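A structural walkthrough
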Amino acid sequence: PFNVTKEEKVRRAMGLLHRHFDVVTVGDHATFQSRILNWTGWTPTDIPVSNVGRRALHFTKREVESLQRLLTRNGDFDFADRARLEYHDYLSYLDD
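This part is about a nonpolar patch on the surface. Taken together, the side chains of Leu57, Phe59 and Val64 define a hydrophobic patch exposed on the protein surface, amounting to about 350 Å² of accessible area. With respect to the helices, strands and loops of the structure, Leu57 is situated in the loop between helix H2 (29-40) and helix H3 (61-74).

Next comes the structure, spelled out in structure tokens:
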């Protein structure tokens, strides 16, 4: 994972998604959940919230900018965009 370009990291990550995951959702999870329930006929199940911090988080502008630079340099934003593009509405055939 070290000494490779961010493009290579994105390519490898997309390969892992393709090989190891049957269902991928990126954003708009409420709509995805609704569609899954509609397709399957399952009833919604409440999942208890756990392992959640109870205090507000505060970040400085410098910390946020530093994290954004790191995510950009590592290709995390590119990966999220690519996954969103490739997996957008890819299960829509189930709506018919």
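Our focus in this paragraph is the confidence of the model for the protein chain. Low-pLDDT portions of the prediction should not be read for the details of their coordinates. Per-chain confidence: the protein chain averages 88 in pLDDT, with 99% of residues scoring 70 or above. When mean pLDDT is compared element by element in the protein chain, H3 scores highest at 96, while H2 scores lowest at 87.

Further remarks concern H2. A rise of 1.5 Å per residue sets the reference length of H2, with its twelve residues, at 16 Å; its end C-alpha atoms lie 16 Å apart and thus fit the reference within 8%. Taken from the residues just after H2, Gly41 is the one with a positive phi, measuring 80 degrees.

When two helices pack together, their arrangement is given by the angle between the helix axes and by the axis-to-axis distance. Packing of helix H1 (residues 6-20) against helix H4 (residues 76-87) brings their axes to within 9 Å, and their N-to-C directions diverge by 40 degrees. The orientation of H1 with respect to H4, classified from their angle, is oblique. Judged by the twist between their axes, the crossing of H1 over H4 is right-handed. Together, Lys6, Val10, Ala13, Met14, Leu17 and His18 of H1 and Asp78, Phe79, Arg82, Ala83, Glu86 and Tyr87 of H4 make up the contact between the two elements. Class assignment for the residues of the contact of H1 with H4 results in seven nonpolar, one polar and four charged.

To continue, consider unusual backbone geometry. Despite not being glycine, Asp28 has its phi angle at roughly 50 degrees, a positive value. Here Asp28 is to be found in the loop between H1 and H2. A positive phi angle, close to 55 degrees, is found at Asn51, a residue other than glycine. Residue placement: Asn51 occurs in the loop between H2 and H3.

Along an α-helix, residues three or four positions apart point the same way, because every turn accommodates 3.6 residues. With twelve residues, H4 extends 16 Å from end C-alpha to end C-alpha; this agrees with the ideal 16 Å at 1.5 Å per step. A positive backbone phi angle near 60 degrees is found at Asp89, which sits one or two residues after H4.

The next thing to look at is the nonpolar core. Judged by nonpolar contacts, Val10, Met14, Leu17, Val24, Ala83 and Tyr87 together constitute the single largest core of six residues. Looking at this core, the elements that each hand over two or more residues are H1 and H4. The element that contributes the greatest number of residues to this core is H1, accounting for three residues. For Ala83, the contacting residues outside a window of four places in its chain are Met14, Leu17, Val26 and His88.

Here is what the cut-offs are and how they apply
All residue numbers refer to positions counted from 1 along the written sequence of the respective chain. Two thresholds apply to this predicted model, a pLDDT of at least 70 for residue-level local features and 80 or more for giving and counting side-chain atom pairs, whereas whole-chain, interface and lining totals are computed over all residues. Note that water and hydrogens are dropped before the side-chain values are worked out from all heavy atoms of the structure. Exposure above 30% relative accessible area and the absence of a salt bridge qualify a residue for a patch, where like charges join within 9 Å and nonpolar side chains (Val, Leu, Ile, Met, Phe, Trp, Tyr) within 5 Å. Each accessible area is a Shrake-Rupley estimate made with a 1.4 Å probe; only the visible protein chains count as cover when residues are assessed. Throughout this description, the term salt bridge denotes a Lys or Arg side-chain nitrogen within 4 Å of a carboxyl oxygen of Asp or Glu. Under the scheme used here, helices are H or I runs from DSSP no shorter than 4 residues and strands are E runs no shorter than 2 residues, and both carry numbers assigned from the N terminus. pLDDT: the predictor's confidence for each residue, scored from 0 to 100. Helix span is expected to be 1.5 Å times the residue number reduced by one. Axis definition: a line fitted to C-alpha atoms, over the contacting stretch in the case of helices. Angles run 0 to 180 degrees between N-to-C directions. In these notes the angle categories are as follows: under 35 degrees is roughly parallel, over 145 is roughly antiparallel, 65 to 115 is roughly perpendicular, and the rest is oblique. By the definition used in this description, the sense in which the near helix is turned from the far one sets the handedness, with an anticlockwise turn below a right angle giving left-handed and a clockwise turn giving right-handed. Contact definition: two residues touch when any of their heavy atoms are within 4.5 Å. The classification used treats Ala, Val, Leu, Ile, Met, Phe, Trp, Tyr, Cys and Pro as nonpolar, Asp, Glu, Lys and Arg as charged, and all other residues, Gly among them, as polar. Take the buried residues of types Ala, Val, Leu, Ile, Met, Phe, Trp, Tyr and Cys, join any two whose side-chain atoms come within 4.5 Å, and each joined set is a nonpolar core. With a 1.4 Å probe rolled over the protein chains alone, any residue whose accessible area is under 20% of its type maximum counts as buried; one over 50% counts as exposed, and the rest are partly exposed.

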